[in-house]
Amino acid sequence: DQKWKQLSQILQDQPEMRDAQGNRRKIIIFTEYRDTLNYLQAKIGDMLGNPAAVVTIHGGTNRDERRKTQEEFRQNKEVLFLVATDA
């Protein structure tokens, strides 16, 4: 999958993906479709070797769960990626 290869290279190889201390920056990725969201969640989790480092929000996520996920992304240092649909 060419698009995944390009995204993976950006996420892994670009110096902008790390802060001054060399830690991975937190990243938010928006996508249009839920299938793409699920695909990216799995691929990024595999790339990191830690599926729990990726959280998601989609149109079917209720308000309370959405807030909980947003807070987890902001506060939990282990959660590095938030993948969300437009909804």
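These numbers were taken from a predicted model, which means no experiment stands behind them. Throughout this description, residue numbers start from 1 for each chain and increase along the sequence as written. Only residues with pLDDT of at least 70 get local features here, since the model is predicted, and only at 80 or more are side-chain atom pairs given and counted; chain-wide, interface and lining totals rely on the full set of residues. Based on all heavy atoms of the structure, the side-chain values leave hydrogens and waters out of the count.

Some remarks on the side chain of R24
Phase 1: Strands are runs of DSSP state E lasting at least two residues, helices are runs of H or I lasting at least four, and both sets are numbered from the N terminus onward. Positionally, R24 belongs in the loop between helix 1 (2-13) and strand 1 (27-31).
Phase 2: Whenever two N or O atoms come within 3.5 Å, that pair is a polar contact, provided that in protein one can donate a hydrogen and the other can accept it, and provided that, for residues adjacent in sequence, both atoms are side-chain atoms. A polar atom in the side chain of R24 sits 2.9 Å from the backbone oxygen of L11.
Phase 3: By definition in these notes, contact holds between two residues if any of their heavy atoms fall within 4.5 Å. With residues near it in sequence (within four places) discarded, R24 still touches L11, M17, R18, M47, L48, L80 and F81.

Here we look at the pairing of strand 1
Phase 1: Burial along strand 1 is one-sided: the face carrying I27, I29 and T31 is buried and the face carrying I28 and F30 is not.
Phase 2: Looking at chain direction, strand 1 and strand 3 (residues 81-85) are connected through 5 bridges and run parallel. Pairing of I29 across the sheet is with V83, part of strand 3. Relative accessible area decides the class of each residue, using a 1.4 Å probe on protein chains only: under 20% of the type maximum gives buried, over 50% gives exposed, and in between gives partly exposed. Each pair of strands is called paired provided DSSP finds at least two bridges between the two strands.

What to know about the nonpolar core
Phase 1: The biggest cluster of nonpolar side chains holds 12 residues, and these are W4, L11, M17, I27, I29, L37, L40, I44, V54, L80, F81 and V83.
Phase 2: Residue assignment for this core shows that the elements contributing at least two residues are helix 1, strand 1, helix 2 (34-48) and strand 3.
Phase 3: Every residue in contact with M17, bar those within four places of it in the chain, is listed here: I10, L11, N23, R24, R25 and I27.
Phase 4: In these notes, a set of buried Ala, Val, Leu, Ile, Met, Phe, Trp, Tyr and Cys residues joined through side-chain atoms within 4.5 Å is what counts as a nonpolar core. Grouped together as the second largest cluster of nonpolar side chains are 6 residues, V55, I57, F73 and A84 included.

A look at the sheet that holds strand 3
Phase 1: Sheet architecture is open: 3 strands sit in the order 1-3-2, paired in parallel fashion. Every other strand in the sheet has two partners, leaving strand 1 and strand 2 (54-57) as the edge strands with one partner each. Between one strand axis and the next, the sheet turns through 20° on average, direction left out of account.
Phase 2: Contacts between helix 2 and the sheet are confined to strand 1, strand 2 and strand 3, with strand 3 contributing the most and set at about 170° to the helix. Structural elements are reduced to axes, namely lines fitted to C-alpha atoms, with helices fitted over the stretch in contact, and the angle between N-to-C directions of any two is expressed from 0 to 180 degrees.

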